[in-house]
Amino acid sequence: MESFETFEYDVLVIGSGGAGLRAVIAAREAGCTVGVVCKSLLGKAHTVMAEGGVAAALGNMTNPDGTKENDSWKVHFVDTMKGGAFLNNWRTVEIFTKEAPERVLELEQYGAVFDRTPEGLIAERPFGGHKYRRLNHVGDRTGLEIIRTLQDKAVGVGMTVHMETTCTRLLTENGRVTGAFGYYRDTGNYVVFKAKSVILATGGWGRMYKFTSNSWEGTGDGLMMAYEAGAELLDLEMIQFHPTGMIWPPGMRGILVTEGVRGEGGILRNSKGERFMFNPKYMPDLYKGQFAETEEEASRWLEDKQNNRRPPELLPRDVVARAIYREVQDGNGCEHGGVHLDVTHRGEAYIKRKLPSMYEQFHAMGGVDITKEPMEVYPTVHYTMGGLYVHPETCETSIPGLFAAGEVAAGLHGANRLGGNSLSDIIVFGKRAGEHAAAFAADHAFGAINDEQIAEEQDYLTEPLRASSGESPYVIHQELQETMQTNAMIAKTEQTLLTALTKIQELQQRAKNIKVAGDRYFNPGWHAARDVRFMLRTSEIIVRCALERQESRGAQWRLDYPNREDATWGKVNLIACKNGDEVKIVRRPLPEMPAELKALFEEGK
Amino acid sequence: MEKVTLRVFRGDKTGGEMVTYEVPKVPGMVVLDAIHQIQKEQDTTLACRWNCKAAKCGSCSAEIDGKPRLMCKTSVDEFNGQPITVGPMRAFPLLRDLVTDVSWNFKMAAKIPPLQVLPEMEGKPFVLQQVDVDRVQEYRKCIECFLCQDVCHVIREHNRKDAFFGPRQMVRIAGLEMHPADRINRREQLKAEAGVGMCNITKCCTEVCPEHIRITDNAIIPLKERVADDYYDPVAGLLRSIGVLPREKKAPFNSVPNEQTKIAAQGTGKKGG
Ligand SMILES: Cc1cc2nc3c(=O)[nH]c(=O)nc-3n(C[C@H](O)[C@H](O)[C@H](O)COP(=O)(O)OP(=O)(O)OC[C@H]3O[C@@H](n4cnc5c(N)ncnc54)[C@H](O)[C@@H]3O)c2cc1C
Ligand code: SF4
Ligand code: SF4
Ligand code: FES
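This is a predicted model, so every value here is computed, not measured.

Student: I'm lost on the packing of helix 2 (residues 73-83) of chain A against helix 16 (residues 595-603) of chain A in this one. Help?
Tutor: When two helices pack together, their arrangement is given by the angle between the helix axes and the distance between those axes. All names here are of chain A. Packing of helix 2 against helix 16 brings their axes to within 10 Å, and their N-to-C directions diverge by 90°. As summarised for this structure, helix 2 and helix 16 are arranged roughly perpendicular, according to the angle between their axes. When helix 2 is examined against helix 16, the residues Trp73, Lys74, Phe77, Val78, Met81 and Lys82 are found in contact with a partner set consisting of Leu597, Leu600 and Phe601. For the contact of helix 2 with helix 16, a count of residues per class yields seven nonpolar, no polar and two charged.

Student: Explain the environment of glycine 269 of chain B here, please?
Tutor: Relative to the helices and strands, glycine 269 of chain B resides in the loop between strand 8 (262-263) and strand 9 (270-272). Setting aside chain neighbours within four positions, we find glycine 269 of chain B in contact with Glu5, Thr6 and Phe7 of chain A.

Student: So what exactly am I meant to see when it comes to helix 2 of chain A here?
Tutor: Think of an α-helix as 3.6 residues a turn; residues three or four steps apart then line up on the same face. The buried fraction of helix 2 of chain A is high, at nine of eleven residues. Immediately downstream of helix 2 of chain A, the backbone of alanine 85 of chain A shows phi near 50°, a positive value.

Student: Quick question: what am I supposed to make of the nonpolar core here?
Tutor: Side chains of nonpolar character tend, in soluble globular proteins, to be buried together. Counting residues in each nonpolar core, the largest one holds 264 residues, and the members touching the most others are Phe77, Leu170, Leu200 and Tyr209 of chain A together with Met71 of chain B. At twelve residues, the largest contribution of residues to this core is made by helix 15 (residues 524-548) of chain A.

Student: What should I look at first to understand the interface of chain A and chain B in this one?
Tutor: Interface size is often expressed as the accessible area that is lost when the parts come together. Residue-level contacts link 81 residues of chain A with 73 residues of chain B. At the boundary of chain A with chain B, the tally comes to eight salt bridges. In this structure, glutamate 164 of chain A engages arginine 49 of chain B in a salt bridge whose closest nitrogen and oxygen atoms are separated by 2.7 Å. For the side of chain A that touches chain B, the elements supplying multiple residues, two or more each, are strand 1 (4-14), helix 3 (90-110), helix 4 (142-157), strand 6 (160-162), helix 10 (356-366), helix 13 (473-487) and helix 15 of chain A. Per element, the largest residue contribution to the side of chain A that touches chain B is ten residues, and it comes from helix 4 of chain A. Across the side of chain A that touches chain B, the residue classes tally to 37 nonpolar, 24 polar and 20 charged. Relative to strand 8 of chain B, strand 6 of chain A runs parallel, the two being bridged by two bridges. Across the sheet, residue threonine 160 of chain A finds its bridge partner in strand 8 of chain B, namely lysine 262 of chain B.

Student: What is the right way to read the packing of helix 2 of chain A against helix 3 of chain A from this model?
Tutor: Residue and element names in this part refer to chain A. It is the contact of helix 2 with helix 3, at a shortest axis distance of 9 Å, that shows an interaxial angle of 140°. In terms of orientation, helix 2 and helix 3 fall into the oblique class. Like other packed secondary-structure pairs, helix 2 and helix 3 cross with a definite hand, here right-handed. Contact residues: helix 2 offers Trp73, His76, Phe77, Thr80 and Met81, while helix 3 offers Trp90, Val93, Glu94, Phe96, Thr97 and Lys98. Classifying every residue of the contact of helix 2 with helix 3 by side-chain character gives six nonpolar, three polar and two charged.

Student: Teacher, can you tell me more about the site of ligand 2 here?
Tutor: Residue and element names in this part refer to chain B. Taken together, 13 residues lie around ligand 2, and Cys152, Cys199, Thr202, Lys203 and Cys205 are the ones closest in. Elements represented by at least two residues in the shell around ligand 2 include exactly helix 8 (204-208) and helix 9 (215-232). A class-by-class count of the residues in the shell around ligand 2 yields eight nonpolar, four polar and one charged.

Student: I'm lost on the domain arrangement of chain A in this one. Help?
Tutor: Residues and elements named next belong to chain A. In terms of domains, chain A is made up of domain 1 (5-57 + 68-238 + 385-443), domain 2 (244-379) and domain 3 (461-568). Taken together, the contact pairs seven residues of domain 2 with seven residues of domain 3. Between domain 2 and domain 3, a total of about 580 Å² is buried, with carbon and sulfur atoms accounting for 74% of that surface. Broken down residue by residue, the surface that domain 2 buries against domain 3 is led by Asp318, Arg322 and Tyr325, which jointly contribute 64%. Inspection of the region where domain 2 meets domain 3 yields zero salt bridges. Summed over the shared surface of domain 2 and domain 3, the number is one residue pair in polar contact (both at pLDDT 80 or more). Per-element accounting of the side of domain 2 that touches domain 3 gives the leading share, five residues, to helix 8 (residues 317-329).

Student: What's the story with the sheet that holds strand 14 (residues 375-384) of chain A in this structure? I'm lost.
Tutor: Paired through their backbone hydrogen bonds, the strands of a sheet run either parallel or antiparallel. Residues and elements named next belong to chain A. Strand order in the open sheet formed by four strands is 11-14-13-12, with antiparallel pairing between adjacent strands. The strands lining the two open edges of the sheet, one partner per strand, are strand 11 (239-246) and strand 12 (267-269). Across the sheet, the mean angle from the axis of one strand to that of its neighbour is 45°, orientation sign disregarded. The pairing of strand 11 with strand 14 spans six bridges and is classified as antiparallel.

Student: What exactly am I supposed to notice about the sheet that holds strand 5 (residues 135-136) of chain A here?
Tutor: All names here are of chain A. Strand order across the open sheet formed by three strands is 3-5-4, with antiparallel pairing between neighbours. Looking at strand neighbours, the two that pair on one side only are strand 3 (54-55) and strand 4 (124-125), the edges of this open sheet. Bridge count for strand 4 against strand 5 is two bridges, and the pairing is antiparallel. Bridging from a neighbouring strand, glutamate 124 pairs with asparagine 136 of strand 5.

Student: Help me out: how do you make sense of the site of ligand 3 in this one?
Tutor: Lining the immediate environment of ligand 3, one finds Cys142, Ile143, Glu144, Cys145, Phe146, Cys148, Cys209, Pro210 and Ile215 of chain B. When the residues that make up the shell around ligand 3 are grouped by side-chain class, the tally is eight nonpolar, no polar and one charged.

Student: How should I be thinking about the packing of aromatic side chains in this particular structure?
Tutor: Each aromatic ring pair is summarised here by two numbers: the centre-to-centre distance and the angle between the ring planes. All names here are of chain A. Counted under the stated rule, the structure contains twelve aromatic pairs over all chains. With 6.1 Å between their ring centres and 25° between their planes, phenylalanine 7 and phenylalanine 193 make a pair best called stacked. Of this pair, phenylalanine 7 sits in strand 1 while phenylalanine 193 sits in strand 9 (residues 190-200), and the two are 186 residues apart along the sequence. The residues phenylalanine 7 and phenylalanine 193 share a single accessibility class, namely buried. Here the aromatic rings of phenylalanine 403 and phenylalanine 440 are separated by 6.0 Å at their centres, their planes lie at 75°, and the arrangement is edge-to-face. Pair noted here: phenylalanine 403 is in strand 16 (residues 402-404) and phenylalanine 440 is in helix 11 (residues 421-443), with a separation of 37 residues, a long-range link. Across the pair, exposure class does not vary: phenylalanine 403 and phenylalanine 440 are buried alike. In this structure an aromatic cluster arises from ring pairing among Trp73, Phe77, Phe86 and Phe601. Directly above the aromatic system of phenylalanine 446 lies the positively charged group of lysine 196, at a separation of 5.0 Å from the ring centroid. Directly above the ring of tryptophan 557 sits arginine 322, whose terminal nitrogen or CZ lies 5.8 Å from the centroid.

Student: Help me out: how do you make sense of the pairing of strand 8 (residues 176-184) of chain A in this one?
Tutor: It is a general feature of regular strands that their side chains alternate between the two faces of the sheet. Residues and elements named next belong to chain A. Taken across its nine residues, strand 8 has nine buried, putting it largely inside the fold. As consecutive antiparallel partners, strand 7 (residues 165-173) and strand 8 are separated by two residues, and within that stretch asparagine 174 has a phi angle of approximately 45°, a positive value. When strand 8 meets strand 9, the two strands line up antiparallel, connected through five bridges. Bridge pairing links glycine 179 to lysine 194 in strand 9.

Student: Explanation requested: helix 6 (residues 167-177) of chain B in the structure shown.
Tutor: Buried residues dominate helix 6 of chain B, accounting for eleven of its eleven residues. Among the residues of helix 6 of chain B, Pro167, Arg168, Gln169, Met170, Val171, Arg172, Ile173, Ala174, Gly175, Leu176 and Glu177 of chain B are the ones counted as buried.

Student: What is the right way to look at the pattern of salt bridges in this model?
Tutor: Think of it this way: side chains of opposite charge can pair up when their charged atoms draw near. As enumerated under the stated definition, the model contains 80 salt bridges over all chains in all. Note that aspartate 33 of chain B is salt-bridged to lysine 53 of chain B, the shortest N-O span being 2.9 Å. Of this pair, aspartate 33 of chain B sits in helix 1 (residues 31-41) while lysine 53 of chain B sits in the loop between helix 1 and strand 3 (61-64), and the two are 20 residues apart along the sequence. On the accessibility criterion, aspartate 33 of chain B (15% relative accessible area) is buried. Taking the relative accessible area as the measure of exposure, lysine 53 of chain B reaches 11% and is therefore buried. Overlapping salt bridges, with partners in common, bring together Asp235, Glu237, Arg549, Glu551, Arg553, Arg564 and Asp566 of chain A in one network.

Thresholds applied
Residues numbered from 1 in each chain as written. Chains lettered and ligands numbered in written order. Predicted model: local features only at pLDDT ≥ 70, side-chain atom pairs only at ≥ 80, totals over all residues. Heavy atoms only, no water. Axes fitted to C-alpha atoms, helices over the stretch in contact; angles between N-to-C directions. Helix = DSSP H or I, 4+ residues; strand = E, 2+ residues; numbered from the N terminus. Parallel < 35°, antiparallel > 145°, perpendicular 65-115°, else oblique. Contact = heavy atoms within 4.5 Å. Nonpolar A, V, L, I, M, F, W, Y, C, P; charged D, E, K, R; others polar. Buried < 20%, exposed > 50% of the residue type's maximum accessible area, 1.4 Å probe, protein only. Core = buried A, V, L, I, M, F, W, Y, C linked by side-chain atoms within 4.5 Å. Salt bridge = Lys/Arg side-chain N within 4 Å of Asp/Glu carboxyl O. Pairing = 2+ DSSP bridges. Left-handed = near helix turned anticlockwise from the far one by under 90°. Near = heavy atom within 4 Å. Domains from an automatic or database assignment. Buried area = accessible area lost by both parts, 1.4 Å probe. Polar contact = N/O pair within 3.5 Å; in protein donor to acceptor, adjacent residues only side chain to side chain. Phe/Tyr/Trp six-rings, centres within 6.5 Å; stacked < 30°, edge-to-face > 60°. Lys NZ or Arg CZ within 6 Å of the ring centre and 35° of its normal.

Shown next as structure tokens:
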């Protein structure tokens, strides 16, 4: 075994996105020593890329008649459950909607500077699936504001930051987590973090798809580290395809166009110029009667939200993504195979004020002036609703001492996440994870570090460097992306999924024989060799779960099982866990929602 | 197929050279795409940083034809078929190829005391008009690409990292100093260790800022004025103290810079294994 350095913390946080940083603050305020590890530099996690806003029912917005919009946690609860097609854990959603407003206001106390209403309060914008204006925002750079605010606050409370350090394995003793093992990105040297409790805040995994809004970090390491250590994973089939990714130019394909564009009145049209979201065939029963039925009503809504209903462009993401997919399949696609998203009617000044980074993104990198011409968009892989099973109150995973928060955790979003709910997810559950990990640390001594596990991981990591010949990890990654993009995208069938599975299994065999050139000193090829092996396993589980769930619900759209089966599939989550070399998948009944919460769905009607 | 020619710096602390690569051109290609293409198909060891590929994270900073820029925001079309030179930021120690050690920036940031909310604004929602936050929002657009740090001659040519926090941190301090809820007087720090006086207003930083923050005009000059007011205008100080001029709402500098946060350096852990 090669030598390594060791750091000791009461609480180790893996990930410095919003969830990780909020957890740092909470654990620190509870008196713990805290170390935080991240693959990139501080402040560069996915959280920084979030645009549209953070959802919390502050009820700040005023109607034309001077009354306030009637928003509350209850309405947010109903919207989130409906948006998630009732696969969410009701208790997680209840905690979330109740605590989100407090957490957002707390950001303001930490120094965040949100856009203001005329009354001087935090401005809230409409978003898909949210009944009222509820996305607290800063133009279209809300994520930047949030991550920088939390970063500054965390620096203020005191932590030790290990930047550009990648964890690849959780260390355990008798089933309890005792630390983590990783390597430094620049030198390739090894490091061990010994901790009383560990929080995974490693974000989502979109990189196994060809077109995604995710960065190089989105390879699912945290998920797979926990899986290898025996944790339960929940509903991995639920991957969000964001309806509006850039499709042209090819260099920009997959990059996100914020839902804020539709929130600010953006209109979707097909090549025939039809505003297709008005086509009744796209309107789910659950939402009938709640959206504008004429274009006139939709345009009146821009100025008067009290007396008009929302435009159907603001249906939940799964619905809009499917509609775009079908328009293109039906031959109504535009020049490059997408549809048009037009916001020109809002005028140049308004667009530049409310959507400045979208303007800049299209102008500088896409050669399109969005104040004068429409954008062309197509769904892109964006978010993972599934993830680690966590306890709704404590964020503890099924492994003692291991906590998880943010996109890597599951339960809140069900089968489809509403826009803006992730930025509030990370602050609500980041805080809870930090508090409960601190409580665990207070009750437990350090566990033992198992050298065998370390030696094994070192061996696994260096295999591709030692190999005398073999394939490039990039080739395997590319083939994985092709098959996932073709066979496990928006619309799936048993046949496409089996094709994907066969291919993944073939790639898993080939991945045993990877060769990378060079040494361990800042060598992206070497990093890719580990990442791709994480991604292959993640993809396998995604596909197996999608095969297992024989219905269509939220993001899971099975052409061979087009209906939502509430009586059967609507009552179960899919749990995946490691069983030797196999993936074991079981169905677990969803907890029953209490009567007083059920009643909220009647009130809203 | 049309090609793009790049001359990319390859090397580490011990030295290096420019290496020429050709990659097939795709519509809408940015320099970062070309670098990734090389990484995937020609040399998997080429080191670079990136995250968002949408000019939002500030990771992919480099010097392109000698100019500090984001690789993901620089279209290859701009160069009209001429070879494009890509090198690392020169103001920071080189790690490998296009990657430099920028940890100094994070260490200086940790010295800046965080926001302390005025007692009358504590614990309740802020009531602020948009016009009152416009200026602060401009500073808060910073994506920490450190291109301004890279171009500033105080840091780049004179390597006075010991005496000047650099334009990025001036933007950050301005964001706190002009935050309507902040109660700390940051001028002593600005004048002393942050070294606002080192800046001689060349405006090079403003020119390279990908977020179009008017660093010099809107952040540094107002900070310089505030420091000058405090230190060199005793009359105003006197008038303020006897109530002729309005009193400053801000409390005097009463916070110690944070010492608890560490940017961990390699080799500082215990030996194990
Ligand atoms: C382009 C884009 C726009 C979005 N817009 C919105 C929006 O408007 N509203 C909204 O609510 N949500 C939005 N989202 C979703 C939201 O931003 C993310 O879901 C959320 O920020 C995730 O936060 P997180 O803290 O869980 O993880 P992340 O921010 O993804 O952070 C993950 C962290 O884990 C670290 N990490 C990962 N693996 C390892 C490892 N092996 N070792 C060490 N560290 C590791 C990473 O380095 C990183 O620091 C958007 C997402 C994207 C990509
Ligand atoms: S204006 Fe000041 S901070 Fe900016 S580059 Fe010139 S000297 Fe440096
Ligand atoms: S001020 Fe501008 S140039 Fe400087 S780090 Fe921030 S975004 Fe980059
Ligand atoms: S990759 Fe994020 S700014 Fe270039």
